[in-house]
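Structural features, examined
What follows is the residue order along each chain.
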Amino acid sequence: MPDRELHVYPDVTGLLQATARFLRDKIKAVLSSNPHCSIALSGGNTPRALYQLMASDPIRREIAWEKLRFFFGDERFVPHDHPDSNFRMVTESLFEPAGIDMKNVFPVDTSMSPPQAAAAYQKTIKAQLGATGIFNIVLLGLGNDAHTASLFPHTNVLEERSVWVKEVHVKSLDSWRITFTVPLITTAQTIVFLAHGASKAAAVKHVLEGRNDPKSYPAQYIVPIDGTVHWFLDSEAGAGISS
Ligand code: 6PG
C-alpha cells in the first residue's frame, strides 16, 4: 500500500460524507481484529461538521462507539468549558449527540501547568495504548500556515523526538497549546488530513509538492513510519496540486 493517498472531492458536502465513511470503514477494519480502536481527534473549525455527520444517522448506527477510545491530537490550554476548547467542541458535535460514554474519552487535563499537562497526557496515552503508543487513527487539520495539531512553524516542539506530548507557547496566538509530537503522530497506522476551502490551497500545495522545508511547513514532518497518510480535500483546497 502506498504511504500517501489523495482523496479530492468537488465540494465540502461530498468531502465530509466521504471522510465520514472512510473513518467508519477504517474503524470497522480495526475492530475486526482488535477489541478497541484508538482515535486521536483534531480540533479547530473544519472537523466540527464531520463530527456532527458521524454522530447522525445512518453513520452513527454503523459505528461500535463503545469500542472506540478517544484522544486529542492537540488542545488549547483553556478550561474544558471555554469556547476555544477542542474538548468542548468535540463534546458538543460528537460525544453528546452520539451518546458516547465519557469513560472512553481521554481529554488533556488543562487544570495544571502546561508542562505537567503534557507529561500527564503522555502517561494517559501510555496507560491506554501501551509502550508503543501506536494509534489506530489520527485525524489532523491543516492551518493556512501549514501547521498541524499544534506543530506551528518555527516552534521548538517541531524537533521534539524524545516525548510523545509537549507543551508549546504559540507566539502568534499568544497562547499555550498541548500537542502530539511528530513521533507520536507518525507511528499511527492511519493518518487522515482533512482540509477544505481556498484558504488552505497554498499550504496543501507546498506541503504535498513544494520544496522540503518542514520547519516552515510543519505538516511536511508527517510522513508515516509504517502506516498510510490520507489527504481528504475539497477541490478548492486541492486546487494547486498536480497529482
Ligand atoms: C486546533 C487544531 C489545528 C487545526 C488547524 C486548522 O486545535 O486548532 O488542531 O491544528 O486543525 O488550525 O484549523 P481550522 O480547521 O479551524 O481551519
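Attention here is on the structure that accompanies the text.

A word on the site of the ligand
Of all residues adjacent to the ligand, which total 15 residues, the nearest are Thr46, Asp74, His147, Ala149 and Lys200. Between the ligand and the protein, one listed contact pairs an oxygen atom with a side-chain N or O atom of Asp74 at 2.6 Å. Here an oxygen atom of the ligand sits 2.7 Å away from a polar atom, N or O, in the side chain of Lys200. Protein contact buries 89% of the 410 Å² of open area that the ligand shows by itself. Its residues placed into classes, the shell around the ligand shows two nonpolar, nine polar and four charged.

Looking at the packing of aromatic side chains
By the definition in use, this model includes ten aromatic pairs. Measuring from centroid to centroid gives 4.9 Å for Phe71 and Phe106, while their planes differ by 15 degrees, and the two rings are stacked. Remark: Phe106 occurs in the loop between helix 3 (86-98) and helix 4 (114-129) and Phe71 occurs in strand 3 (residues 68-72); sequence separation between them is 35 residues. On the accessibility criterion, Phe71 (0% relative accessible area) is buried. Exposure remark for Phe106: the relative accessible area of 14% places this residue in the buried category. An angle of 90 degrees between the planes, with centres 6.2 Å apart, marks the rings of Phe72 and Phe95 as edge-to-face. Residue Phe72 is located in strand 3, and its partner Phe95 is located in helix 3; the two are separated by 23 residues in the primary sequence. On the accessibility criterion, Phe72 (1% relative accessible area) is buried. One aromatic cluster in this structure is built from Trp65, Phe70, Phe72, Phe87 and Phe95. The lysine or arginine in question, Lys126, covers the ring of Trp164, its NZ or CZ lying 5.0 Å from the ring centre.

Reading the values: the criteria
- Residues numbered from 1 in each chain as written.
- Predicted model: local features only at pLDDT ≥ 70, side-chain atom pairs only at ≥ 80, totals over all residues.
- Heavy atoms only, no water.
- Near = heavy atom within 4 Å.
- Polar contact = N/O pair within 3.5 Å; in protein donor to acceptor, adjacent residues only side chain to side chain.
- Areas by Shrake-Rupley, 256 points an atom, 1.4 Å probe, with all protein chains shown as cover.
- Nonpolar A, V, L, I, M, F, W, Y, C, P; charged D, E, K, R; others polar.
- Phe/Tyr/Trp six-rings, centres within 6.5 Å; stacked < 30°, edge-to-face > 60°.
- Helix = DSSP H or I, 4+ residues; strand = E, 2+ residues; numbered from the N terminus.
- Buried < 20%, exposed > 50% of the residue type's maximum accessible area, 1.4 Å probe, protein only.
- Lys NZ or Arg CZ within 6 Å of the ring centre and 35° of its normal.

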